[in-house]
Amino acid sequence: MARHKQIKTEDQEDPEMNISSMIDCCFLLLIYFLVATSLVSEKKLDISIPASTQSSSSQKPPVDPGRIVLRADGSATWNGDLTVADVYNPDAQPGTSEYRSQRELDQLVEQLKNYKDLATSVQAEPVVMLTGAPSAPHQRIVDIMAALAEAGIKSVGISTADPEAN
Amino acid sequence: MAKKNARGNDEVNGNVNLSPMIDCCFLLLIFFVVNATQITVAKDPSVKMPSAVSCSDLKDANGCIVVNVFSDIDKMSPKALEKYNKAYAPNSLWGVADANGNTIGYTSGQTQELTDFIKKQKENFKGKGLEDGKIRLYLRGDMAAPWERSSTAIRCAAAAGVTNIVFGTLPSK
């Protein structure tokens with residue numbers, strides 16, 4: 001595209017095409033896109049809410065849904081009693097071990113993987129019910145969603161009841 | 001930038017060959033043009049994004065209904081607060097951008113309006129031939145926003161018939 005052609009005859013001088021203006025335009029465009037492109041792009045975590053119309057039959061599902069309860073302080077429990085996430089510390093600095101352990105909820109991932117295996121063994125879809133305190137930070141919800149994504153569970157029911165109301 | 005002709009009396013044509021440089025420039029240009037068109041979701045600077053391990057790239061933003069969830073204003077940085085005040089009505093908890101790029105803020109008493117907006121966006125996408133499964137709520141929640149606000153936005157989306165939710169995050173460091 002960029003190579004210019006040279007047609008030479010005996011008595012003619014080089015009929016060169018002036019491409020400097022085109023190069024100038026290219027550089028301008030290049031600089032524009034360099035500046036406009038953001039290097040850190042946003043990522044995503046997918047979930048889907050089980051539709052309420054699916055529960056039309058009165059049959060009990062083969063496996064009970066897993067239950068995650070998130071408290072206002074950011075701690076979370078699995079199926080009622082097992083603590084799977086410690087109290088959330090918003091001041092943990094990126095790069096520290098505390099920050100890593102806050103993001104990677106290993107215990108929860110392990111429980112979720114076990115639950116998924118159990119559901120798959122009886123050909124049922126693994127469904128998790130998430131109950132979060134209204135004042136729980138959004139970051140903690142994202143941590144739990146990341147654990148669900150890591151375990152391969154995509155169907156999440158969201159309960160709006162306050163777990164600390166009683 | 002333009003090529004120079006340096007010719008002496010007894011010198012042979014001493015032109016600098018610019019073609020490899022131009023080729024490189026074109027390659028870089030094409031790379032940045034392709035990259036720039038990938039990211040099409042509106043990014044609100046007032047929202048401080050949460051980070052997550054095991055998140056994936058947003059490959060196709062088509063069908064995403066973007067809803068920003070704000071934290072309390074006392075938790076916003078001065079710069080974010082300035083942009084929030086400029087773009088949204090006071091006490092807005094959720095922020096969206098319409099088809100013309102105009103920002104709209106919804107307060108706690110305007111959940112029905114938020115539901116109507118999501119419904120309208122969904123109809124727009126359906127009018128463009130998008131399937132129901134490809135229409136998603138893209139939730140850009142601030143990391144310090146209370147869960148109540150995010151869950152209300154999800155509830156509004158469910159009421160509008162959008163059950164696929166995408167949580168916007170940044171990769172964990």
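Residues numbered from 1 in each chain as written. Chains lettered and ligands numbered in written order. Predicted model: local features only at pLDDT ≥ 70, side-chain atom pairs only at ≥ 80, totals over all residues.

Trainee: Talk me through the pairing of strand β4 (residues 94-97) of chain B; I want residue IDs and the actual numbers.
Mentor: Residue and element names in this part refer to chain B. Inspection of the sheet shows strand β3 (residues 64-69) paired to β4 by two bridges, in the antiparallel sense. Across the sheet, the residue bridging to V69 is W94, located in β4. Hairpin remark: β4 followed by strand β5 (residues 103-106), antiparallel, with five residues in the connecting loop; positive phi at G101, about 85°. (Pairing = 2+ DSSP bridges. Helix = DSSP H or I, 4+ residues; strand = E, 2+ residues; numbered from the N terminus.)

Trainee: Break down the confidence of the model for chain B for me, citing the residues and quoting the values.
Mentor: Averaged over all residues, the pLDDT of chain B is 81; the fraction at 70 or higher stands at 86%. With a pTM of 0.71, the predicted complex shows an ipTM of 0.72. (pLDDT = per-residue confidence, 0-100.)

Trainee: Tell me about helix α4 (residues 147-159) of chain B, residues and numbers included.
Mentor: All names here are of chain B. Its 13 residues place the ends of α4 18 Å apart at the C-alpha level, agreeing with the 18 Å of an ideal helix rising 1.5 Å per residue. For α4, the set of buried residues is W147, R149, S150, S151, T152, A153, I154, C156 and A157. Once α4 ends, the next one or two residues include G161, with phi positive near 90°. (Expected span 1.5 Å × (residues − 1). Buried ≥ 20, exposed ≤ 12 C-beta atoms within 10 Å, placed from the backbone.)

Trainee: Help me get a handle on the nonpolar core, residues and values and all.
Mentor: The biggest cluster of nonpolar side chains holds 66 residues, and the ones touching the most others in it are M145 and L148 of chain A together with L137 of chain B. Sorting elements by how many residues they give to this core places helix α4 (residues 138-151) of chain A first, with nine residues. The residues contacting M145 of chain A, other than those within four sequence positions of it, are L45 and I47 of chain A together with F167 of chain B. (Core = buried A, V, L, I, M, F, W, Y, C linked by C-beta atoms within 7 Å. Contact = placed C-beta atoms within 7 Å.)

Trainee: Please set out the interface of chain B and chain A residue by residue, giving values where relevant.
Mentor: Opposite the 50 residues of chain B that make contact, chain A presents 48 residues. Elements that contribute at least two residues to the side of chain B that touches chain A include exactly α1 (19-38), β1 (51-52), β2 (56-57), α4 and β7 (164-171) of chain B. Per-element accounting of the side of chain B that touches chain A gives the leading share, eleven residues, to α1 of chain B. Grouping the amino acids of the side of chain B that touches chain A by side-chain chemistry returns 30 nonpolar, 13 polar and seven charged. (Nonpolar A, V, L, I, M, F, W, Y, C, P; charged D, E, K, R; others polar.)

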